[in-house]
Amino acid sequence: MNKLIPFLFVISVVACTEITYNEPQPRGITSLASVPVKIQGTYLWKEDTITFFERGFRAKDKKEDVLFLSDSIVIKNYKNHYFISYRESGEWLLRILKPLKNGDLIYLEMENVPEEEPKRKLFLDRLSKETPVIKNTVDSVTHYLINPSPKKLLTLVKRGYFQEKGTLLKIKSVITN
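Analysis parameters
- Residues numbered from 1 in each chain as written.
- Predicted model: local features only at pLDDT ≥ 70, side-chain atom pairs only at ≥ 80, totals over all residues.
- Heavy atoms only, no water.
- Helix = DSSP H or I, 4+ residues; strand = E, 2+ residues; numbered from the N terminus.
- Buried < 20%, exposed > 50% of the residue type's maximum accessible area, 1.4 Å probe, protein only.
- Contact = heavy atoms within 4.5 Å.
- Pairing = 2+ DSSP bridges.
- Arc of directions from axis to C-beta.
- Axes fitted to C-alpha atoms, helices over the stretch in contact; angles between N-to-C directions.

Q: How would you summarise the environment of Ile171 if you had to cite specific residues and measurements?
A: Within the secondary structure, Ile171 is located in strand β12 (residues 162-173). Residue classification places Ile171 among the exposed residues on the basis of a relative accessible area of 52%. Between the C-alpha atom of Ile171 and that of Ile50, which follows or precedes it by 121 residues, the distance is 10.0 Å. When sequence neighbours within four positions are dropped, the list of residues in contact with Ile171 reads Thr42, Tyr43, Leu44 and Thr49.

Here you go:
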């Protein structure tokens, strides 16, 4: 699946298997109605600019790349982390933004399930010790689902299951009157 959308939801065309969720994360935490002013603004990420505004975000300031918060894109705040859940084919994928004191954002993404059997088994065994992992195969595509508590989700972040993919450098804050 190849979509022209911002960095948060770029899904590789390669056969990568992401850990998925059955609901927006962290579960039980209320979704935000809008993007918090604290993270609104324009950021530089690699060669792109990402702009967070009240109702969503966009890449490169192009209207066709605008993603609005909706029933398919949800943002939640828990313990100074912003969890952005994105529904893809009935399952939820997760990206995390962690604000820094200078206004920049660290971008985190859970590592993919390895394709090679020995590495996949090792990864899933290690993750299963943290939280139950449900294996589901639909149309010969295998998915791995977890449903951690909010506290356990942060534990997974702290234990390195979510890897830093880079820092979004804040180049312009939102202007409020």
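Additional details are given in the paragraphs that follow.
Q: I'd like a description of the pairing of strand β3 (residues 48-53), backed by residues and values.
A: Looking along a regular strand, one sees the side chains alternate between the two faces of the sheet. Where strand β2 (residues 41-45) and β3 come together, five bridges link them in antiparallel fashion. What sits directly across from Trp45, in β3, is Asp48. The antiparallel pairing of β2 with β3 creates a hairpin that spans two residues between the two strands, and Lys46 there sits at a positive phi of about 55°. Two elements, β3 and strand β4 (residues 56-59), share four bridges in a ladder whose sense is antiparallel.

Q: Explain helix α2 (residues 150-158) residue by residue, including any values.
A: Among the residues making up α2, those that are buried are Pro150, Leu153, Leu154, Leu156 and Val157. What you see down the axis of α2 is that its buried residues fit within an arc of 155°, all on one side. Across α2 from its buried face, at more than 90 degrees, point the exposed residues Lys151 and Lys158. Turning to α2, the residues buried within the fold contact β6 (73-78), β7 (81-88), β8 (91-99), β9 (105-110), α1 (117-128) and β12. Directly after α2, the chain includes Gly160, whose backbone phi takes a positive value near 85°.

Q: Lay out the sheet that holds β6 with the relevant residues and their values.
A: If you trace the nine strands from one edge of the open sheet to the other, you get β5-β4-β3-β2-β12-β9-β8-β7-β6, paired in antiparallel fashion. Because the sheet does not close on itself, it has two edges, and the strands there are β5 (67-68) and β6. Seen against the sheet, α2 touches β6, β7, β8, β9 and β12 and runs at an angle of roughly 100° to β7.

Any functional reading would require information beyond the geometric quantities listed.
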